[in-house]
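An overview of the molecular structure
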Amino acid sequence: MHLTRRSLLTRSALLGCSLAASPLVTPVSFAAAPWDTRLVVIILRGGMDALDAVQPYGDPSLAGLRQTLSGGPQAGAADLDGFYALHPGLAPLLPLWRAGELGFVQAVSTPYRDRRSHFDGQDILEAGTAALGGARDGWLNRLLQQMPGVEARTAFAIGQERMLLLDGAAPVSHWAPGAGLAMSPQAERLAGLLMEEDPLFHNALNEALELTRQDLTLGSEEDGGGDSGMMQAAPRARAHTEIAAYAAEQLRGDTRIAAFSINGWDTHYRQANGLKSALGRLSETVLKLRSGLGDGIWGKTAVAAVTEFGRTVRENGTGGTDHGTGGAMLLAGGAIRGGRVLGRWPGLAEADLYERRDLMPTADVRQHLAWLMHGLAGARKTDLETTVFPGLAMAEDPGLLL
Amino acid sequence: MQFDGDLAEIRFGAGLSPLVRPPVSAEAMLGRLQGADEMARRFPVSGFDEAFARAKEFQRLRRNRKRQEGQHGYEAADKAFKAYRRTHNAARFKWHGQRLLRHVFTRDAFRERLVLFWADHFTAQGKNGALRILAAPYAETVIRPHVGGRFEDMLIAAATSPLMLHYLDQNRSAGPGSRAAKRRKRLSGLNENLAREVLELHTLGVDGPYGQADVRQLAELFTGLSASQDKGFVFRPGMAEPGAETVLGQTYGGGKPELGQVLAALRDLARHPATAQHIAWKLAVHFTSDQPDPGLVTHLAARYQDSGGDLMQVYAALLEHSAAWQPVLGNVKPPFDYVASACRALAVPESRFSALKPGQLNRLLLAPLTPMGQRWEFSGGPDGWPEEDLSWITPQALAARLRWALAAPRRLAQPLPDPRVFATAALGRFANERVRFAARAAETQSEAVGLILTSPAFQRR
């Protein structure tokens, strides 16, 4: 089956549908958003271990706290600056680091403390509030509510799961690559006929078909432009790279914000294996975004990967770590002033830890996100401090962007 | 009002079925609702206590595994825990099947709809792997017995249920001046979560006549509501804030802390005119339209208030109002209702459900709800699922409905019905010319059935 706008039109015309009612007749065009940069937010669900991902091997306490994890350059991590070393799972990103397109912020967290529940931790990270239950929408959506000229395609939540951070009153698009409609041409035509008189259904169907068509085009690029008839039979790429390719596809067009999640960071047991594969997925995702966006768009893109909380500084009895507090965020993109690990390092001496067990957060992760949105989209500081992140003090500009 | 049996079954019931005659009158619907709960008996779901015991065993095995970390017994402990977790999931899938079967076979479908409505109004969910299975038993024991009773009794049952106390963090709320807080420094004090949601979501509504001081006072009054691993709900006077609290100008307690003061406040909140308005609005939205007829809302609110929140009388007011019988189909069915009504139209036999392995039942009937936008028993917040049609019919969610409708029926009903007959069975007189044309013009039988289920006429009610 080869879906094109033309073939859809032809089939609709044969059936005698009202052409005027179809948004496919006039190519859908979106007014460009008032800003031209791109923001990608990746939620790392499960609580990424900051001390293993960006290893503070220069801290004299680290080696004693971790017998098998976070071994620094001696254990194969790449030295970044004489104090921090990069986990081998992130090694594919080293060229970006050298190009100044990759950075980290250490020892950040949301205001969430003590309970260490994934469920609540993610809710508060995505709601962007100081406490649980403070908002029923997400901070990225509240950003969109402040901006003029926003349309559904301005921001994309990608993947099957709900992305609370994009929930809210501002229109956003939600799609999962592979969620498309593989119908016979006849079924597709009849579904169109059935829904034609119901605008809600009709518009959603057309949009779904349009997005499906795009998935298929995307698929052909992945296969090196092979025979379109084979596309549906082609094996699906791994979900995270599909999502990254799809995000890049949107961001090359009128989309300005994309958000999705990468799961698998809850490394209570044998973290050496679990974290390596999760960081590998994160690396592949960033590289796929980079290649998908191309030099031009990548140059004005910032990727921020954030997690609901960090993990215990001490390794536990099964080669893993448990739920903690302070964590790290990853920044990537041509718009980033990278090649640096930012954040005030609190130290790992027992007295410097949070509750004597966790990395002490020295900044609110929302401050960095707010500065990113200020710099990228021109969001006003007052809006960021009162509406997007209610009650936040943005403090000094950390200079995350070029 | 013009009673219409097909419309009654579609709008207020579980959809049309070739096996079940639609109700003949509003009185008959209300009569069934007051009669025995046949479906709960025929397709049982575990009660709360039994499920809570399961959750405890789950926690015990998980703790045991944790204790064995790095030791000899770890592998065995891990195996035992994982095996138990499988039975945990299997139970959850099984209950899901039972709840769907009730929709397939019931002659009392208004009851099933009301159970869904009120379980959503009083959303409570487990926040960890052990407690997640409690959502169905909660609906079974906390909500279901009260759907034909008084609102205040359901409110009290929900607000004192161990699942709600866990979900909204009431368990850890201690009065700042309580004995418990003085004894244990780690007890961080008051948690306003349950108090706020009771006012905002369960009773007065977000625009209701209360302020932050009322939330705070109600939170202080609620201290002591707790649950124990063994006994379920308990009132712990040691955690309760001493002294009187004033909520909406009414003062409660003052002497020894006791449960009675809390229940009195809940009853007063349940009878408040703002609650009548809020509940009337929610029922009208749920059963008729995102923008309900204001006359219907006023009518429902008045009956609620006159009857002191007697829900049977409120339902009677709903079914007697002409706005409830507008012949144009309105609301979009949420995903659970959509799948359930499709199973009902297909008359999926009970034996088909019981032949499904837990994993198959999950893949065929439960997991597909997630891409449709309703990850079952995991609503995003205590406000439950959305009502707006727009939030259900997104491109992604509609695509998921289409995929399910085109693939699942042939795995559920063998042989598939003749599409032309099926159109009438599923839609009655709402099978319009487009539906009949699609039923004839589809290339295969399963496409025809899928397309009928995909028609807006089937997806709306």
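Report follows, based on the coordinates. Remember, predicted model here, so these are calculated numbers, not experimental data.

Calculation notes
Residues numbered from 1 in each chain as written. Chains lettered and ligands numbered in written order. Predicted model: local features only at pLDDT ≥ 70, side-chain atom pairs only at ≥ 80, totals over all residues. Heavy atoms only, no water. Helix = DSSP H or I, 4+ residues; strand = E, 2+ residues; numbered from the N terminus. Rg over C-alpha atoms; globule rule 2.2 N^0.38 Å. Areas by Shrake-Rupley, 256 points an atom, 1.4 Å probe, with all protein chains shown as cover. Lys, Arg positive; Asp, Glu negative; His and termini not counted. Charge placed at Lys NZ, Arg CZ, Asp CG, Glu CD. Buried < 20%, exposed > 50% of the residue type's maximum accessible area, 1.4 Å probe, protein only. Contact = heavy atoms within 4.5 Å. Buried area = accessible area lost by both parts, 1.4 Å probe. Salt bridge = Lys/Arg side-chain N within 4 Å of Asp/Glu carboxyl O. Polar contact = N/O pair within 3.5 Å; in protein donor to acceptor, adjacent residues only side chain to side chain. Nonpolar A, V, L, I, M, F, W, Y, C, P; charged D, E, K, R; others polar. Patch = residues over 30% accessible without salt bridge, like charges linked within 9 Å, V, L, I, M, F, W, Y side chains within 5 Å. Phe/Tyr/Trp six-rings, centres within 6.5 Å; stacked < 30°, edge-to-face > 60°. Lys NZ or Arg CZ within 6 Å of the ring centre and 35° of its normal.

1. Things to note about the overall build of chain B
For chain B, the helix and strand inventory stands at 26 helices and four strands. For 461 residues, the compact-globule estimate of 2.2 N^0.38 gives 23 Å, and chain B sits close to it at 24 Å. Its C-alpha atoms put chain B at 75 × 65 × 40 Å along the principal axes. Looking at chain B as shown, the accessible area adds up to about 18,000 Å², and 50% of this sits on carbon and sulfur atoms. The averaged location of the 46 negative side-chain charges in chain B is 9 Å from the averaged location of its 61 positive side-chain charges.

2. Details of the environment of A:Gln160
Mapped onto the fold, A:Gln160 is located in the loop between strand E6 (155-158) and strand E7 (173-175). The class of A:Gln160 is partly exposed, set by a relative accessible area of 38%. Placed 16 residues apart in sequence, A:Gln160 and A:Ala176 show a C-alpha to C-alpha distance of 5.7 Å. In contact with A:Gln160, other than residues within four places in its own chain, are A:Ala176, B:Pro371 and B:Gln396.

3. Looking at the interface of chain B and chain A
With 44 residues of chain B at the contact, the number on the chain A side is 39 residues. Buried surface at the junction of chain B and chain A, summed over both partners, amounts to about 3,600 Å²; 60% is from carbon and sulfur atoms. Sorting the residues of chain B by area buried against chain A places B:Pro395, B:Gln396 and B:Arg434 first, and these three jointly supply 20% of that buried surface. Our count for the chain B to chain A interface comes out at nine salt bridges. Put simply, A:Asp198 and B:Arg460 hold a salt bridge, and the shortest N to O gap is 2.6 Å. Summed over the shared surface of chain B and chain A, the number is 14 residue pairs in polar contact (both at pLDDT 80 or more). Contributions of two or more residues to the side of chain B that touches chain A are made by helix H4 (48-67), helix H11 (193-202), helix H20 (389-392), helix H21 (395-407), helix H24 (433-441), helix H25 (445-454) and helix H26 (456-459) of chain B. Element by element, the count of residues in the side of chain B that touches chain A is highest for H21(B), at seven residues. Partitioning the side of chain B that touches chain A into residue classes produces 20 nonpolar, seven polar and 17 charged.

4. Notes on a positive patch on the surface
A contiguous patch of positive charge, built from B:Arg179, B:Arg183, B:Arg184, B:Lys231 and B:Arg236, is present on the exposed surface. Along the chain, the position of B:Arg179 falls in helix H10 (residues 179-183).

5. Some remarks on the pattern of salt bridges
All names here are of chain B. Enumeration according to the criterion identifies 55 salt bridges over all chains in this entry. For Arg 65, the salt bridge is made with Asp 78, and the minimal N-O distance between the two is 2.7 Å. Of this pair, Arg 65 sits in helix H4 while Asp 78 sits in helix H5 (residues 74-105), placing them 13 residues apart in sequence. Summarising the burial analysis for this pair, Arg 65 and Asp 78 share the class buried. Residues participating in the shared-partner salt-bridge network are Asp 37, Asp 108, Arg 111, Glu 112 and Arg 144.

6. Thoughts on the packing of aromatic side chains
All names here are of chain B. Going through the model one piece at a time under the given rule, you end up with 26 aromatic pairs over all chains. Measuring from ring centre to ring centre gives 5.9 Å for Phe 43 and Phe 105, while their planes differ by 25°; the resulting arrangement is stacked. Of the two residues, Phe 43 sits in the loop between helix H3 (38-42) and H4 while Phe 105 sits in helix H5, which places them 62 residues apart along the sequence. Each member of the pair, Phe 43 together with Phe 105, is buried. Through a chain of ring-to-ring contacts, the aromatic side chains of Phe 3, Phe 12, Phe 110, Phe 117, Trp 118, Phe 122, Phe 151, Phe 287, Tyr 304, Tyr 315 and Trp 325 assemble into a single cluster. Cation over ring: Arg 375 sits above Phe 378, and NZ or CZ is 3.9 Å from the ring centre. Here the basic side chain of Arg 401 rests over the ring of Tyr 338, its NZ or CZ set 4.9 Å away from the ring centre.

7. Focus on unusual backbone geometry
Residues and elements named next belong to chain B. In this structure, the amide linkage connecting Gln 414 to the following residue, Pro 415, adopts the cis form with an omega of -5°. For Ala 347, which is not glycine, the phi dihedral falls at a positive 50°. Using a relative accessible area of 18% as the deciding quantity, one classes Ala 347 as buried. In this structure, Glu 377 is a non-glycine residue whose phi angle is positive, near 65°. Inspection of the secondary structure assignment puts Glu 377 in the loop between helix H19 (358-366) and H20. Judged by its relative accessible area of 14%, Glu 377 falls in the buried class.

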